[in-house]
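Given next are the chains, with one letter for each unit.
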Amino acid sequence: MALDEASHRLFIGCRRVASLALFDTETGKLLTAVPNVGDADDLFYDAPRRRVYVLGGEGVIDIDQRDGDGLHRIGRVSTGDGARTGMWVGQQDRLYVAMPARRGQPAEIRVFSAS
């Protein structure tokens with residue numbers, strides 16, 4: 001989950017059915033839900049860009065744009081199988097993604113720029 005406190009909006013990554021849901025925190029009302037990456041684990045809200053970054057174990061980061069009470073995907077970035085854990089550092093405009101050791105490849109941290 002991620003919170004846009006100023007706008008009273010809550011983003012929730014759902015696994016079954018793989019989707020990103022947007023709720024109004026004042027009313028509890030579901031505003032919208034859009035298809036999103038499977039096996040979602042971490043998601044982050046980038047308030048200045050009005051973007052949501054959703055990390056999923058299926059090997060991608062989905063990037064969704066918030067337009068009012070709507071959401072739409074503006075990008076999909078390949079990471080690697082099982083890479084579902086990360087950390088958004090807004091002061092650096094960077095998303096750090098943990099890549100697990102798989103198929104003889106060592107674990108690593110990948111860095112993605114939001115700009």
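Reading guide: rules and limits
- Residues numbered from 1 in each chain as written.
- Predicted model: local features only at pLDDT ≥ 70, side-chain atom pairs only at ≥ 80, totals over all residues.
- Heavy atoms only, no water.
- Helix = DSSP H or I, 4+ residues; strand = E, 2+ residues; numbered from the N terminus.
- Rg over C-alpha atoms; globule rule 2.2 N^0.38 Å.
- Buried < 20%, exposed > 50% of the residue type's maximum accessible area, 1.4 Å probe, protein only.
- Salt bridge = Lys/Arg side-chain N within 4 Å of Asp/Glu carboxyl O.
- Polar contact = N/O pair within 3.5 Å; in protein donor to acceptor, adjacent residues only side chain to side chain.
- Contact = heavy atoms within 4.5 Å.
- Pairing = 2+ DSSP bridges.
- Axes fitted to C-alpha atoms, helices over the stretch in contact; angles between N-to-C directions.
- Core = buried A, V, L, I, M, F, W, Y, C linked by side-chain atoms within 4.5 Å.

K.L.:
Is there a simple way to explain the overall build of the protein chain in this structure?
P.N.:
Each helix and strand in the protein chain was counted, giving zero helices and eleven strands. Whereas a compact globule of 115 residues would reach a radius of gyration of roughly 13 Å, the protein chain reaches 14 Å, a difference of no more than 12%. Taken over the C-alpha atoms alone, the protein chain extends approximately 50 × 35 × 20 Å along its principal axes. Going through the 115 residues of the protein chain one by one, you find that 42% of them count as buried.

K.L.:
Is there a simple way to explain the pattern of salt bridges in this structure?
P.N.:
Tallying each qualifying case throughout the model produces 14 salt bridges. Its salt-bridge partner being Glu-58, residue Arg-76 comes within 3.7 Å of it at the nearest N-O pair. You can see Arg-76 sitting in strand 8 (residues 70–78) and its partner Glu-58 sitting in the loop between strand 6 (51–56) and strand 7 (60–67), a full 18 residues away along the chain. According to the relative accessible area criterion, Arg-76 is partly exposed, its value standing at 40%. The salt bridge partner of Arg-76 is Asp-62, with a shortest N-O separation of 2.6 Å. Here Asp-62 lies in strand 7 and Arg-76 lies in strand 8, a separation of 14 residues in the sequence. On the accessibility criterion, Asp-62 (0% relative accessible area) is buried.

K.L.:
How do you make sense of the side chain of Asp-62 when you look at a structure like this?
P.N.:
At a separation of 3.2 Å, a polar atom in the side chain of Asp-62 contacts the side chain of Arg-73. Residue contacts for Asp-62: discarding those within four places in its chain leaves Asn-36, Val-37, Val-52, Tyr-53, Val-54, Arg-73, Gly-75 and Arg-76.

K.L.:
Would you mind going over the sheet that holds strand 4 (residues 30–35) with me for this structure?
P.N.:
Consider a sheet: its strands pair through backbone hydrogen bonds, and that pairing is either parallel or antiparallel. Here we have four strands laid out as an open sheet, ordered 1-2-3-4, and antiparallel in their pairing. Because the sheet does not close on itself, it has two edges, and the strands there are strand 1 (2–4) and strand 4. Put simply, the sheet's adjacent strands are angled 20° from each other on average, direction ignored.

K.L.:
Help me out: how do you make sense of the nonpolar core in this one?
P.N.:
Nonpolar side chains in soluble globular proteins tend to end up buried together. In this structure, Phe-11, Leu-20, Leu-43, Val-52, Val-54 and Leu-71 are the most contacted members of the largest nonpolar core, which totals 13 residues. Of all elements in the fold, only strand 3 (19–24), strand 5 (40–46) and strand 6 reach the threshold of two or more residues within this core. A per-element tally of this core places strand 5 first, with three residues. Contacts of Phe-11, omitting those with residues within four sequence positions, involve Met-1, Ala-2, Asp-4, Leu-20, Ala-21, Leu-22, Leu-43, Tyr-45, Val-52, Arg-66 and Leu-71.

Coordinates in, geometry out; function isn't part of it.
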